[in-house]
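Residues per chain, in single letters:
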Amino acid sequence: MPTPAHLEPRLLRAFVTVAEELHFTRAAVRLYVAQQALSRDVRRLERELGSELFVRTTRQVTLTADGERLLPYARAVLQAQDDLLAAAGRTRPLLVDLNSPGLETPRRVLHRARELAPGQELMARYESGLTWAAGEVLAGRLDASFGRFAGLAPALRAGLDQQPVRYEPMAVVLPGDHRLASLAEVPLAALAGETVYAGAGNPRTPEWTDLARLLFAERGITLAPPAPLAVGEEEFQRVMARTRHPILVVVGFPPLPSTVLRPLVEPVPLSPVSLVWRRGLIHPALDALRRAAAAVAADEGWLRAPEEGWIPASDSVVMASR
């Protein structure tokens, strides 16, 4: 592969984005450019390198051997450029995953970070679960997310850093006419014999399903089997209304029509929430996000676990690392 004297970072970013998506339309959406412009940039890079980087058919896009070899070097160059711009005070937006719209903890931290760093752009994204978001963070498509760090696979944790944010009490969403709906709080023992939905089968949220499995063990609570993966709030509500299973959530979960949310007690199960980002990431907005997480946690007492709280031992170790 010949080496040109100069390569524009824009061309490398086009190449990396198409390589990650293996789809020109999706890559163009990510880069906020027309697909034709993106295709021109990729073809120009191929001409300058004197090598074909992609095999394009009507059905798919794949990397060539030269493309595979170039990809890690292109990523390194783009990361170096981001680091240089950060050092000079000129930064790209920080992409922050809030899991799902309406969740209290990540939303409040993001709002505080925007107050602390009004000159920085922090853009919200919604990836629905930390396992999925962690893969996106490691690939450079996201910068930070929130969730249960101890529930990630070791291979994912190895490339990430985390900062504990909150012991968030857990709750259950019940149909309005459920036998437990009249209670102000639901003791865990009262769920014995119930089948409770906790995202089983959702590839984006296995860390949440694992937490539920640990909580339900030896309490007579059955983990609901996988339901069709519902995309969007309306579809989720429709599927849950059909199954009528109680849903394991956190106390800050947004309301759903025709349901009630009840905190769980005796003991109070806790969802350990951390701010998670790619190891080695340098960005002034990340600094603001970390300061915001610490400030909101201190103001609200989020890192004071209740004496009657329940949390897995592995999570206690992670949350004690602050």
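Structure: above.
Read on for an overview of the structure. (Residues numbered from 1 in each chain as written. Predicted model: local features only at pLDDT ≥ 70, side-chain atom pairs only at ≥ 80, totals over all residues. Heavy atoms only, no water.)

### Describing the overall build of the protein
The secondary structure content of the protein amounts to eleven helices and 13 strands. If you line up the protein on its principal axes, its C-alpha atoms span 70 × 45 × 30 Å. Evaluated residue by residue, the protein yields a buried proportion of 46% over its 322 residues. Considering only contacts within the protein whose residues lie at least 6 apart along the sequence, 75% involve residues at least 24 apart. Looking at the protein as shown, the accessible area adds up to about 15,900 Å², and 55% of this sits on carbon and sulfur atoms. When the 37 basic and 36 acidic side-chain charges of the protein are each reduced to a single mean position, those positions are 4 Å apart. (Helix = DSSP H or I, 4+ residues; strand = E, 2+ residues; numbered from the N terminus. Buried < 20%, exposed > 50% of the residue type's maximum accessible area, 1.4 Å probe, protein only. Contact = heavy atoms within 4.5 Å. Areas by Shrake-Rupley, 256 points an atom, 1.4 Å probe, with all protein chains shown as cover. Lys, Arg positive; Asp, Glu negative; His and termini not counted. Charge placed at Lys NZ, Arg CZ, Asp CG, Glu CD.)

### Some thoughts on the pairing of strand S6 (residues 160-175)
Most of S6 is tucked away, with 14 of its 16 residues classed as buried. In this sheet, strand S12 (residues 268-278) lies alongside S6 in antiparallel orientation, the contact comprising nine bridges. Along S12, the bridge assignment pairs glutamate 168 with serine 271. Sheet topology note: the S6/strand S10 (residues 247-250) ladder contains four bridges and is antiparallel. Among the inter-strand pairings, alanine 171 is bridged to a residue of S10, identified as valine 249. Two strands pair when backbone bridges link them, and S6 and strand S11 (residues 259-265) are joined in this way by five bridges, in the antiparallel orientation. The residue of S11 that forms the bridge with leucine 174 is valine 260. (Pairing = 2+ DSSP bridges.)

### Quick notes on unusual backbone geometry
Note the cis peptide between glutamate 266 and proline 267, where omega equals -5°. Along the chain, proline 267 falls in the loop between S11 and S12. In this structure, glutamate 218 is a non-glycine residue whose phi angle is positive, near 65°. Residues other than glycine seldom take positive phi values, yet glutamate 266 does so here, at roughly 60°. Within the fold, glutamate 266 resides in the loop between S11 and S12.

### Describing helix H8 (residues 206-216)
Burial in H8 covers these residues: Glu207, Trp208, Thr209, Leu211, Ala212, Leu215 and Phe216. Looking one or two places after H8, you find glutamate 218, whose phi comes out positive at around 65°.

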